[in-house]
Amino acid sequence: MATQTTINKDELSNLSFILNKVNDVTFEERPKPSIQSPHDVLVAVNYTGICGSDVHYLTHGAIGHFVVKEPMVLGHESAGTVVEVGAEVTDLKVGDRVALEPGYGCRRCGNCRAGKYNLCPKMIFAATPPYHGTLTGLWAAPADYCYKLPDSVSLQEGAMIEPLAVAVHIVKQATIKPGQSVVVMGAGPVGLLCAAVAKSYGASKVVSVDIIQSKLDVAREFAATHTYVSQRISPEDNAKAILELAGIPNGADAVIDASGAEPSIQTSLHVVRTGGTYVQGGMGKSDITFPIMALCLKEVTARGSFRYGPGDYELAVELVASGKVDVKRLISEVVDFKQAEQAFNKVKEGQVIKVLIAGPNEK
Ligand SMILES: [Zn+2]
Ligand SMILES: [Zn+2]
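Residues numbered from 1 in each chain as written. Chains lettered and ligands numbered in written order. Predicted model: local features only at pLDDT ≥ 70, side-chain atom pairs only at ≥ 80, totals over all residues. Heavy atoms only, no water.

## Quick word on the packing of aromatic side chains
For clarity, the threshold we go by: Here a Phe, Tyr or Trp ring, Trp counted by its six-membered ring, pairs with any other such ring whose centre lies within 6.5 Å, and the pair is stacked when the planes are under 30 degrees apart, edge-to-face when over 60, and tilted otherwise. The helix and strand labels rest on DSSP assignments: H or I over at least four residues marks a helix, E over at least two residues marks a strand, and numbering proceeds from the N terminus. Whether a residue is buried, partly exposed or exposed follows from its accessible area with a 1.4 Å probe, protein chains only, as a fraction of its type maximum: under 20%, in between, or over 50%, in that order. Here, a charge over a ring means that NZ of Lys or CZ of Arg falls within 6 Å of the ring centre while also lying within 35 degrees of the ring normal.
Counted by the stated rule, this structure contains nine aromatic pairs. Ring geometry for Phe125 against Tyr308: centres 6.4 Å apart, planes inclined by 35°, an arrangement best described as tilted. Of this pair, Phe125 sits in strand E10 (residues 124-125) while Tyr308 sits in the loop between strand E18 (301-304) and helix H10 (312-321), and the two are 183 residues apart along the sequence. For the pair Phe125 and Tyr308, a shared accessibility class is recorded, and that class is buried. The rings of Phe17, Phe27, Phe337 and Phe344 are connected pair by pair, giving a single aromatic cluster. A cation sits over an aromatic face here: Arg307 above Phe125, 3.7 Å from the ring centre. Looking at Lys338, its charged tip hangs above the ring of Phe27, at a distance of 4.6 Å from the centre.

See below:
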C-alpha cells in the first residue's frame, strides 16, 4: 500500500457517469464534493458494481415512485479509499480502504430511532432520484457509513459488500438455524449471495432455483447443495419436484424469493413447510396473484426485506474476510470507467453475473 500516503485529492478527477434520461448517458467532470460535516470523510471511489436497479433506471427512467427527472449519476455498489477526514472522525484515516454504504437515514424519525434506518422516509440513497450515485471520482459520506476493509479484503471484493449486505439482511429475516433447509428462488447476484449466507448460517440443504441452467451451474459451484431448473408446470408441481430433489418431503424450513417473479413466489408458498418462513427479497411486479391459502393453512411466517440495516455491512465484511463467502467468484469482469456504457449493456443482456467499473482515477 505504498501509494496510500501519496494520494492528493486535488489531483483526482471527479468524472461521473450520468443518466440524462432513458437510454441516454454521458460522462461529465462534475464539481468535486467536499466534506459537509466534521463527521464526514471524502472517498476516492475505486470500484463500483452494476446493480439491476441501475440498469432499470437506464432502461425505464424510474423504479416505482422514484422517477429520474434531472440528470443523475448512476451507481451505488462501491468501495474506495479515504482521501480526507473531517475533524471529528476518529475511526478512519487517509488511505483506509472502505466499503461504502450508499444510503443515509435522517437519524431522527421513529424508524431511524428504532434501528430500522433502511425504512426512513427521508432516506438519502445513492442513484435513487433525486440523489446522485457513486459512479464518480469522489464521494463525501458520513464516516459511520464507510466500513474499513481488512487487509485481506480487496477493493474489488469491497464493491461486492453492498449486494452481500442485501443478502445478509434477507437471510436475517429468514431466521435460519443450523441444520435447516433453505430454498432460494432466483440465482442472480443476490440469490447466489443469499444461498452463500444461508450456508454460512448453518443451513445443511440450500437449494437454488432458476429458469436458466448456466446460472444454476454457478450456484452449484458457489454455495447451493442442490439446484433445480423451473419447468413450465404448475407452481405446486415445481414445488413437489424441488422438495423431492432435495429430499425434504415435509417442505423447506425457509424459502427466500430473490427473483420477484410471480411463478417463483407462487412456488415458494408451496415449497415452505408448515410453520416455515417465507421472505420476499426480490422486486418485480407490484401486484401478483399470491397463494394466500397456503400461507394461511400452513401458518407461514411471511416477511419482506428492503436494503440493509444496522450490522448488515459489518457482517458482510466479516463473511468475506473469514472466507465464508467468496465474492470474487461472482465478479465476471472489471472494466475501465470509460467502458461504463458497454458494461451496462452486458448486464442488460444478462451475459454476466457482476461487472465492476473501475473509478475514473483508477489506473
Ligand atoms: Zn444494488
Ligand atoms: Zn429517519
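## Digging into the UniProt feature "domain: Enoyl reductase (ER)" (unreviewed entry) in the protein
Rule in force here: UniProt positions are given in the numbering used here, feature names are shortened, and annotations may be inferred rather than shown by experiment.
If you check UniProt for "domain: Enoyl reductase (ER)" (unreviewed entry), the listed places come out as residues 20-357 in our numbering. A distance of 19 Å separates the end C-alpha atoms of residues 20-357, which is 30% helix and 27% strand.

## Focus on the coordination of the zinc ion (ligand 2)
Spelled out, the test is: Only nitrogen, oxygen and sulfur atoms qualify as donors, and only when within 2.8 Å of the metal (3.2 Å in the case of Na, K and Ca); with water excluded, sites may look incomplete. Each label reflects the angles at the metal, where four donors whose angles all fall between 85 and 135 degrees are tetrahedral, four or six donors whose opposite pairs open beyond 155 degrees and whose other angles stay between 65 and 115 are square planar or octahedral respectively, and the rest are irregular.
Each protein donor to the zinc ion (ligand 2) is listed here as Cys106 (SG), Cys109 (SG), Cys112 (SG) and Cys120 (SG); together their distances run 2.3 to 2.4 Å. In this structure, the zinc ion (ligand 2) is coordinated by four donor atoms arranged in tetrahedral fashion, with angles at the metal of 105 to 116°. Exposure remark for Cys106: the relative accessible area of 24% places this residue in the partly exposed category. For Cys109, a relative accessible area of 17% translates into the label buried.

## Looking at the pattern of salt bridges
Selection criterion: For salt bridges, the criterion is a side-chain nitrogen of Lys or Arg within 4 Å of an Asp or Glu carboxyl oxygen.
Scanning the entire structure with this criterion turns up 15 salt bridges. When the shortest N-O distance is used, the salt bridge between Glu84 and Lys9 registers 3.6 Å. Residue Glu84 is located in strand E7 (residues 77-85), and its partner Lys9 is located in the segment before strand E1 (15-21); the two are separated by 75 residues in the primary sequence. Looking at Glu84, the relative accessible area reads 26%, which means it is partly exposed. Put simply, Lys9, Asp10 and Glu84 are held in one network by salt bridges that share partners.

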